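Now for the letters of each chain:
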Amino acid sequence: MTAENLDKQTITVNSSISLKGIVKAIFKDNVHVQIGGKVISLPLSNKDVVK
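Before going into details, it helps to say that this report is about the structure given with it. (Residues numbered from 1 in each chain as written. Predicted model: local features only at pLDDT ≥ 70, side-chain atom pairs only at ≥ 80, totals over all residues. Heavy atoms only, no water.)

The next thing to look at is the pairing of strand S2 (residues 30–35). Taken together, the four bridges between strand S1 (residues 22–26) and S2 define a ladder with antiparallel strand orientation. When the bridges of S2 are listed, Val23 appears paired with Val33. Counted between consecutive antiparallel strands, the loop separating S1 from S2 contains three residues. Judged from the six bridges that link them, S2 and strand S3 (residues 38–43) form a sheet pairing that is antiparallel. (Pairing = 2+ DSSP bridges. Helix = DSSP H or I, 4+ residues; strand = E, 2+ residues; numbered from the N terminus.)

Below, the structure written as structure tokens:
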């Protein structure tokens, strides 16, 4: 493949994953969730909130 061919070929992926964890804290703009031994911070937006 040449450099020209690499520029023309793009791959896009649109997918979601589901993780189960323990919610440790909820703040105004993010949620801290423990998954395994790690606590991660997930940003919130209006579209992320499930009613």
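Glancing now at the environment of Leu44. As for its position among the elements, Leu44 is in the segment after S3. Measuring from C-alpha to C-alpha, the distance between Leu44 and Lys28 comes to 8.2 Å, with 16 residues separating the pair along the chain. Setting aside chain neighbours within four positions, we find Leu44 in contact with Asp29, Asn30 and Val31. (Contact = heavy atoms within 4.5 Å.)

This next bit is on the sheet that holds S3. Whenever strands of a sheet pair, they do so through backbone hydrogen bonds, lying parallel or antiparallel. Taken together, the three strands give an open sheet; going across it, the order is S1-S2-S3, and neighbouring strands pair in antiparallel fashion. Each edge of the sheet is formed by a strand with only one pairing partner; in this case those strands are S1 and S3. Across the sheet, the mean angle from the axis of one strand to that of its neighbour is 30°, orientation sign disregarded. (Axes fitted to C-alpha atoms, helices over the stretch in contact; angles between N-to-C directions.)

Attention shifts here to the pairing of S3. In terms of burial, S3 is a largely surface element, zero of the six residues being buried. What sits between the antiparallel neighbours S2 and S3 is a turn of two residues, in which Gly36 has the positive phi angle 70°. (Buried < 20%, exposed > 50% of the residue type's maximum accessible area, 1.4 Å probe, protein only.)

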